[in-house]
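Residue strings, one per chain:
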Amino acid sequence: MKLFTGLIFCSLVLGVSSEWYSFFSEAAQGAWDMWRAYSDMREANYIDADKYFHARGNYDAAQRGPGGAWAAKVISNARENTQRVTDFFRHGSSGHGAEDSKADQAANEWGRSGKDPNRFRPAGLPSKY
């Protein structure tokens, strides 16, 4: 009986730990997807392309699974919160402010929901991206 109880307990512990490992693995891969999209956005330096890269990064991360979607949300929210602080010091700068922040969040949520990020792709953006 003790052996049977021990086997059940070990199988439950291993099953739960493998789910956690999967979640953390997805989160790390999702964070990498977000970083890659951010790097591409900086490299492209294309006018009005930021919403596309936000949507694409969130979309790619969310495709990894629940861990990736979680990482995308945490990273997107942290970036938006940081932007709100810097907006306080940059009145009138192009691409900053409440309207831009709301548009960024809409693109983030669009991508995380699994919808096609190309909706935000600006005309003329090189096919490399």
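Residues numbered from 1 in each chain as written. Predicted model: local features only at pLDDT ≥ 70, side-chain atom pairs only at ≥ 80, totals over all residues. Heavy atoms only, no water.

A description of the overall build of the protein chain should follow, citing residues and the corresponding values.
Helix and strand content of the protein chain: four helices and zero strands. Looking at the protein chain as a whole, 33% of its 129 residues are labelled buried. Relative to all contacts within the protein chain whose residues are 6 or more apart in sequence, the contacts with residues 24 or more apart total 72%. Element-wise, carbon and sulfur atoms account for 62% of the exposed surface of the protein chain, whose accessible area totals about 8,500 Å². (Helix = DSSP H or I, 4+ residues; strand = E, 2+ residues; numbered from the N terminus. Buried < 20%, exposed > 50% of the residue type's maximum accessible area, 1.4 Å probe, protein only. Contact = heavy atoms within 4.5 Å. Areas by Shrake-Rupley, 256 points an atom, 1.4 Å probe, with all protein chains shown as cover.)

Account for the confidence of the model for the protein chain, with residues named and values stated.
The predicted model of the protein chain has a mean per-residue pLDDT of 83, with 78% of residues at 70 or higher. The secondary structure element of the protein chain with the lowest average pLDDT is helix α1 (residues 2-44), at 78, and the one with the highest is helix α2 (residues 50-62), at 94. (pLDDT = per-residue confidence, 0-100.)

Give a detailed account of the pattern of salt bridges, specifying residues and quantitative values.
In total, this model carries 10 salt bridges according to the counting rule given. In this structure, the salt-bridge partner of Asp33 is Arg36, at a minimum N-O distance of 3.3 Å. In this pair, Asp33 and Arg36 both sit in helix α1, three residues apart, roughly one turn of the helix. A salt bridge links Asp60 to Arg56; the nearest nitrogen and oxygen atoms lie 3.8 Å apart. Of the two residues, Asp60 and Arg56 both sit in helix α2, four residues apart, roughly one turn of that helix. Judged by relative accessible area, which is 10%, Arg56 ranks as buried. Several salt bridges share partner residues, and in doing so they unite Asp33, Arg36, Asp40, Arg56, Asp60 and Arg64 into one network. (Salt bridge = Lys/Arg side-chain N within 4 Å of Asp/Glu carboxyl O.)

Kindly report on the environment of Ala62, identifying the contributing residues and their values.
Within the secondary structure, Ala62 is located in helix α2. For Ala62, a relative accessible area of 16% corresponds to the buried category. Sequence separation between Ala62 and Ala27 is 35 residues, and the spatial gap between their C-alpha atoms is 9.2 Å. If sequence neighbours within four positions are ignored, Ala62 has contacts with Gly68, Ala69 and Arg112.

Lay out the layout of surface pockets in plain terms, naming residues and giving numbers.
It is a probe the size of a water molecule, rolled over the atoms, that shows where empty space is left. Of the pockets and cavities examined, the second largest pocket occupies roughly 180 Å³. Lining the second largest pocket we find 13 residues, and of these Met34, Tyr38, His54, Ile75 and Arg79 sit closest to its centre. Counting only elements with at least two residues in the lining of the second largest pocket, the list comes to α1, α2 and α3 (66-89). It is α1 that provides the largest number of residues to the lining of the second largest pocket, a total of five residues. Looking at the lining of the second largest pocket residue by residue, the classes come out as seven nonpolar, five polar and one charged. (1 Å grid on protein atoms, 1.4 Å probe; cavity = no way out; pocket = protein on both sides within 12 Å on 5 of 7 lines; lining within 4 Å. Points joined across faces, edges and corners; volume = space filled by probe spheres on them. Nonpolar A, V, L, I, M, F, W, Y, C, P; charged D, E, K, R; others polar.)

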